[in-house]
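Summary of structural features
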Amino acid sequence: MLRILDRLEETLIATLIGGATLLIFVAVVHRFASGIPLLYPLMQRIDLSWAQELCIYMFVWMAKFGAAYGVRTGIHVGVDVLVNRLPEDWRKKSVLIALTGGALFTGIIGTLGARFIWENGMHYAVFHLLGFDTGDLPEGPTAPDLEWPMWIVYSAVPLGSWLMCFRFLQVMWTFVRTGEVPHHDAAHVEGLTDDNPELDAAMLKAGAK
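Residues numbered from 1 in each chain as written. Predicted model: local features only at pLDDT ≥ 70, side-chain atom pairs only at ≥ 80, totals over all residues. Heavy atoms only, no water.

**Comments concerning the packing of aromatic side chains**
- All told, the structure shown has three aromatic pairs when counted by the stated rule.
- With 5.7 Å between their ring centres and 15° between their planes, tryptophan 61 and phenylalanine 65 make a pair best called stacked. Note that tryptophan 61 and phenylalanine 65 are positioned in helix α3 (residues 51–73) at a spacing of four residues, about one turn of the helix. Like phenylalanine 65, tryptophan 61 is buried.
- Measuring from ring centre to ring centre gives 5.6 Å for phenylalanine 127 and phenylalanine 132, while their planes differ by 90°; the resulting arrangement is edge-to-face.
- According to the relative accessible area criterion, phenylalanine 132 is partly exposed, its value standing at 48%.
- Sitting over the ring of tryptophan 90, lysine 93 keeps its end group 5.3 Å from the ring centre. (Phe/Tyr/Trp six-rings, centres within 6.5 Å; stacked < 30°, edge-to-face > 60°. Helix = DSSP H or I, 4+ residues; strand = E, 2+ residues; numbered from the N terminus. Buried < 20%, exposed > 50% of the residue type's maximum accessible area, 1.4 Å probe, protein only. Lys NZ or Arg CZ within 6 Å of the ring centre and 35° of its normal.)

This is how it looks when you write it as C-alpha cells:
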C-alpha cells in the first residue's frame, strides 16, 4: 500500500512539473508567433490566456506534494550539526521532538485548510451534487480565467499538508524502530550502487588509479 502511495506521489509531482513546463513553453511560442504578421491571424484563434493561471496552480500543487516527498526522502535542508554532537539519548529525544512538531504543525494546517475549502464552496458543491437544499450556502469564488471553483485549487493545502503529516509520522515510526532518519546523499546516483555492482567496481578501480 505504501509503495502505491509513493508511486502516486512521484507520478503526480513529475506530471505537474512536466505539464507546467510544456504549457509555459507553448505559451511563450504562441506569444512570439503572435508578433509575426503572417502568423498573427492564426494565433488569434488560439486562446491561451488561461495558461499562466493554470501554471501557477500546477506549481502550487507540485510544491505542496513535493514537500511531502521531501520529508519521505530526507531532501529538506536542515542544520543538524548540534543535534549530531549530542549524546545518543538526547539526540533521539531531539529528533523525536522535531518530527512530532512537524507532524503536529502540518496536521493543524491540513485541518484548517480543509475547514477553509469546506466553507468556501466545497460545502455547496457537495450538497448540490447530492441533491440537498443548498439554502444560503455560498458557491464560493471561481478562478478568473479558468472559471474553476477555487475550493478545488485550494484543496492542495489540506491534501498536501495531511500527506506531509503522514510522512512525518512514517519517518518517526522508522526512527523509533531503527534509529535512522532519511538522508539524501547528493553524490548518490539512483540505481548505480544497487543495480550495477560491476560498474561500481570499475569506477572505484578507475578512481584508485
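**Section: a nonpolar patch on the surface**
- A cluster of nonpolar side chains, Phe32, Ile36, Leu38, Leu39 and Leu42, forms an exposed patch at the surface whose accessible area comes to about 520 Å².
- Looking at the secondary structure, you find leucine 42 in helix α2 (residues 40–44).
- Owing to a relative accessible area of 44%, leucine 42 belongs among the partly exposed residues under this scheme. (Patch = residues over 30% accessible without salt bridge, like charges linked within 9 Å, V, L, I, M, F, W, Y side chains within 5 Å. Areas by Shrake-Rupley, 256 points an atom, 1.4 Å probe, with all protein chains shown as cover. Salt bridge = Lys/Arg side-chain N within 4 Å of Asp/Glu carboxyl O.)

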